[in-house]
Protein chains: 2
Amino acid sequence: MNKEKDSNTEEQILDAAKNVFQTKGMDGARMQEIADLAGINKAMLHYYYRSKQLLFEAVFKNAFSLLAPQLNKILNDDSSIEDKVKNFTSNYISFIIKHPYLPNFIIQELNRNPDFIIKIQENSSLLNIEKFKQQVELEVSKGILKPTKGDQLFINILALNIFPFVAKPLVKAFVKIDDEGFKQLMEQRKTDVSEFIINSIKQH
Amino acid sequence: MNKEKDSNTEEQILDAAKNVFQTKGMDGARMQEIADLAGINKAMLHYYYRSKQLLFEAVFKNAFSLLAPQLNKILNDDSSIEDKVKNFTSNYISFIIKHPYLPNFIIQELNRNPDFIIKIQENSSLLNIEKFKQQVELEVSKGILKPTKGDQLFINILALNIFPFVAKPLVKAFVKIDDEGFKQLMEQRKTDVSEFIINSIKQH
DNA sequence: ATTTAGTTTAACCATATGGTTAGCAAATAT
DNA sequence: ATATTTGCTAACCATATGGTTAAACTAAAT
């Protein structure tokens, strides 16, 4: 057996599957299209991944494992809330510009099958907002922040950063811009969003 | 012919189609499932709506026409930005609690087929952010608001209001709540979100 | 009573789709 | 040298799916 070629085929399949699943979703994806994109026989998909469901799960886990460390930064990091907001906003927007289909894919598929998140919750110590909430409480009591609820703040941070990418067609239509204009708008948000949040919660 | 019954069947189909399309999307929806839910023969779907695509479009247009007036309020209304933010936030969250699948459906399908929004743009005078932007500029120059970009503010308002519903499974997992807890969290946001926005942009 | 038009159903059709199988060719092990 | 395992392909299969059709039914119009 040729190890080089083995892993290569398997990777090519996963690559093609990422492409197709992330743009068309589980329901819209076709095994044949994945095979064509990978340049191999359809039977190979089943040879390496058994079923559409399992191939999809491989893609989904892969996608989530890319996103997880991004979210982890804001939850389990020791910098101040202000620094977290600034860093997360800038980093996350850069990250999504590199992986534009990720947030939409994850949100769409979680809505299609909410049980998915249970599996994720079991496997990863992620998705724990407690430390963040305590930190907000502490900074509120110290007078650094105005009275603020940790969970709502967290939702707001996610919303302001993720939403524009998820609703990209809507945003493009409202603001009347093309892809290039959208990219510029998102670049601007790297600083605008953190300012918007800090302005709102910081005690002055 | 029985007009009562006519429109009834047609409506029953549209109702069932709304249900199925809005929860499963175009790709995940099955004509047979829609027919079963409507309690009629599958051929009736084609009798009244010709094809899956046209039935879907009827559902989509219907959904968008529900959402449009909501967005219109914030774009073409004469109250102050502060009042707009307060009213929109409260009204929109109430609205979505009544139609929980709407935002997700629209966003998902616009991403699947971005051309859809072109048709919408042609037909409706909606989706024009100009008045809102001018109003922001005016209030900034009057010193009511801090320096603020109208388009970014509009995106932020949409993001903070819409995102939690679109990402509901994610939010539930992070905050560790069930459906009841989610509903309470959203009720709280009716005031929290507008405060969050006003705090950020109002000159003081 | 009969015609006419709209409505509904069961059966059917062509195609798409996820998945399987038999066999081949090359590499590896014996 | 031979047997065995592995990677791969072409052909195939069963079922699902969107869509069609011909005939039956209903109710109003003549």
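In this text the structure is predicted, and so the values were computed from the model without any measurement. Counting restarts for each chain, with residues numbered from 1 along the sequence as it is written. The naming scheme follows written order: chains are lettered A onward, ligands numbered 1 onward. At least 70 in pLDDT is required for a residue's local features to be given in this predicted model, at least 80 for side-chain atom pairs to be given and counted, and no such filter applies to totals for whole chains, interfaces and linings, which use all residues. Based on all heavy atoms of the structure, the side-chain values leave hydrogens and waters out of the count.

**Student:** I keep staring at the overall build of chain A and nothing clicks. Help me out?
**Tutor:** The way it works is that DSSP assigns letters per residue, a run of H or I at least four long becomes a helix, a run of E at least two long becomes a strand, and they are numbered from the N terminus. Secondary structure assignment for chain A yields 11 helices and 0 strands. Of the regular secondary structure in chain A, the N- to C-terminal order runs α-α-α-α-α-α-α-α-α-α-α. Three labels apply to residues, based on accessible area from a 1.4 Å probe with only protein chains included: buried if under 20% of the type maximum, exposed if over 50%, partly exposed otherwise in between. Across the 204 residues of chain A, 49% fall into the buried class. Summarising the internal contacts of chain A: among those between residues at least 6 apart in sequence, 67% fall at separations of at least 24. Total accessible area computed for chain A in this model is approximately 9,800 Å², and 48% of it derives from carbon and sulfur atoms. Only four residue types enter the tally: Lys and Arg on the positive side, Asp and Glu on the negative side; His and the chain ends are excluded. Charge coordinates come from a single atom per side chain, which is NZ of Lys, CZ of Arg, CG of Asp or CD of Glu. Placing the 27 positive and 26 negative side-chain charges of chain A at their respective mean positions leaves the two points 2 Å apart. By definition in these notes, contact holds between two residues if any of their heavy atoms fall within 4.5 Å. We get accessible surface area from the Shrake-Rupley algorithm with a probe of 1.4 Å; when it comes to residues, only the shown protein chains can shield them.

**Student:** Hey, could you run me through the packing of aromatic side chains in this one?
**Tutor:** Aromatic ring pairs: the centre-centre distance and the angle between the two ring planes describe each pair. Pairing of aromatic side chains here covers Phe, Tyr and the six-membered ring of Trp, requires ring centres within 6.5 Å, and sorts the geometry by plane angle: under 30 degrees stacked, over 60 edge-to-face, intermediate tilted. Taken as a whole, this structure holds 27 aromatic pairs over all chains when the rule is applied. Consider the rings of Phe88 of chain A and Tyr92 of chain A, whose centres lie 5.3 Å apart with planes at 25°: the pair is stacked. One end of the pair, Phe88 of chain A, and the other, Tyr92 of chain A, are both in helix H5 (residues 81-98), 4 residues apart, so they sit about a helical turn from each other. The class for Phe88 of chain A is buried, based on a relative accessible area of 3%. The class for Tyr92 of chain A is buried, based on a relative accessible area of 0%. Ring centres of Phe56 of chain B and Phe105 of chain B lie 5.8 Å apart, and the angle between their planes is 70°; this geometry places the pair in the edge-to-face category. Within this pair, whereas Phe56 of chain B is found in helix H4 (residues 52-75), its partner Phe105 of chain B is found in helix H6 (residues 102-112), the two being separated by 49 residues in sequence.

**Student:** Explain the relation of the copies chain A and chain B to me, please; I cannot follow it from the model alone.
**Tutor:** Residues below a pLDDT of 70 in either copy are left out; the C-alpha atoms of the rest, at least 70 in both, set the least-squares superposition of the copies. Superposing chain A onto chain B requires a rotation of 180° together with a translation of 0.0 Å along the rotation axis, leaving an RMSD of 0.0 Å. As the rotation angle and translation indicate, the two copies are arranged about a two-fold axis. When each C-alpha of chain A is compared by its distance to the rotation axis, Ser200 of chain A comes out closest, at 1.9 Å. A symmetric contact is evident, with 100% of the interface residues of chain A recurring at the interface of chain B.

**Student:** I keep staring at the environment of Ile107 of chain A and nothing clicks. Help me out?
**Tutor:** Note on placement: Ile107 of chain A falls in helix H6 (residues 102-112). The spatial distance from the C-alpha of Ile107 of chain A to the C-alpha of Val166 of chain A is 8.5 Å, given a sequence separation of 59 residues. Not counting the four nearest positions on each side in its chain, Ile107 of chain A is found in contact with Ile162 and Val166 of chain A together with Phe163, Val166 and Ala167 of chain B.

**Student:** Which parts of the structure should I look at to understand the interface of chain A and chain B?
**Tutor:** Frequently, the measure chosen for interface size is the accessible area that the parts lose on association. Each partner contributes to the interface: chain A provides 49 residues, whereas chain B provides 49 residues. Contact between chain A and chain B buries roughly 4,700 Å² in total, counting both sides, with carbon and sulfur atoms accounting for 67%. Three residues stand out in chain A for area buried against chain B, namely Phe163, Phe174 and Phe196 of chain A, and they jointly supply 17% of the buried area on that side. Basic side-chain nitrogens of Lys or Arg form a salt bridge, by our definition, when they fall within 4 Å of a carboxyl oxygen of Asp or Glu. The interface formed by chain A and chain B holds 2 salt bridges in total. Here Asp192 of chain B ties to Lys149 of chain A by a salt bridge, and the two come within 2.9 Å at their closest N and O atoms. By convention, the term buried area covers the 1.4 Å-probe accessible surface removed from two parts as they join, with the contributions of both added.

**Student:** Would you mind showing me how to read helix H3 (residues 42-49) of chain B here?
**Tutor:** Because each turn of an α-helix spans 3.6 residues, side chains separated by three or four positions in sequence point in the same direction. Here H3 of chain B starts with a cap whose side-chain oxygen sits 2.8 Å from the backbone nitrogen of Ala43 of chain B, and that cap is Asn41 of chain B. Arg50 of chain B sits one or two positions beyond H3 of chain B and adopts a positive phi of about 70°. Pairs of N or O atoms are called polar contacts if they sit within 3.5 Å, as long as, within protein, a hydrogen donor faces a hydrogen acceptor (for residues adjacent in sequence, only side-chain-to-side-chain pairs).

**Student:** Before we go on, may I ask you to explain the side chain of Asp192 of chain A in this structure?
**Tutor:** Within the secondary structure, Asp192 of chain A sits in helix H11 (residues 179-201). A relative accessible area of 16% places Asp192 of chain A in the buried class. In this structure the side chain of Asp192 of chain A is engaged in a polar contact, spanning 2.9 Å, whose partner is the side chain of Lys149 of chain B. Apart from residues lying up to four places away in sequence, Asp192 of chain A is in contact with Lys149 and Gln152 of chain B.

**Student:** Explain the environment of Gly39 of chain A here, please?
**Tutor:** Of note, Gly39 of chain A is situated in the loop between helix H2 (31-38) and helix H3 (42-49). In this structure the C-alpha to C-alpha distance between Gly39 of chain A and Ile13 of chain A, which are 26 residues apart in sequence, comes to 8.7 Å.

**Student:** Would you mind going over helix H10 (residues 168-175) of chain A with me for this structure?
**Tutor:** Most of H10 of chain A sits out of view: 6 of its 8 residues are buried. Among the residues making up H10 of chain A, those that are buried are Pro169, Leu170, Val171, Ala173, Phe174 and Val175 of chain A. In this fold, the buried residues of H10 of chain A make contact with helix H9 (150-166) and H11 of chain A together with H4, H6, helix H7 (116-123) and helix H9 (150-166) of chain B. Taken from the residues just after H10 of chain A, Lys176 of chain A is the one with a positive phi, measuring 60°.

**Student:** What should I look at first to understand the confidence of the model for chain A in this one?
**Tutor:** Low-pLDDT portions of the prediction should not be read for the details of their coordinates. Confidence of the predictor at the level of single residues is given by pLDDT, which spans 0 to 100. On average, chain A scores 93 in pLDDT, and the residues at 70 or more come to 96%. Note that residues 1-6 of chain A has pLDDT below 50 and, in this model, 2 contacts with residues that lie over four places away or in other chains.

**Student:** Help me understand the pattern of salt bridges in this model?
**Tutor:** Close approach of charged atoms lets side chains of opposite charge pair. In this structure the tally under the stated criterion is 21 salt bridges over all chains. The salt bridge partner of Lys131 of chain B is Asp78 of chain B, with a shortest N-O separation of 3.0 Å. Residue Lys131 of chain B is found in helix H8 (residues 130-141), and its partner Asp78 of chain B is found in the loop between H4 and helix H5 (81-98); the two are separated by 53 residues along the sequence. Counted as one network, the salt bridges with shared partners bring together Glu82, Lys86 and Lys202 of chain A.

**Student:** Help me understand the domain arrangement of chain A in this model?
**Tutor:** All names here are of chain A. Domain extents, as shown, originate in an automatic or database domain assignment. Per the domain assignment, the segments making up chain A are domain 1 (1-50) and domain 2 (60-201). Taking the mean C-alpha position of each, domain 1 and domain 2 sit 30 Å from one another. Contact residues are listed per partner, giving 8 residues for domain 1 and 8 residues for domain 2. Three residues stand out in domain 1 for area buried against domain 2, namely Gln22, Thr23 and Met26, and they jointly supply 60% of the buried area on that side. Joining domain 1 to domain 2, the criterion identifies 1 residue pair in polar contact (both at pLDDT 80 or more). Class assignment of the residues belonging to the side of domain 1 that touches domain 2 gives a composition of 3 nonpolar, 3 polar and 2 charged. When residues are grouped by polarity, Ala, Val, Leu, Ile, Met, Phe, Trp, Tyr, Cys and Pro land in nonpolar, Asp, Glu, Lys and Arg in charged, and all others, Gly among them, in polar.

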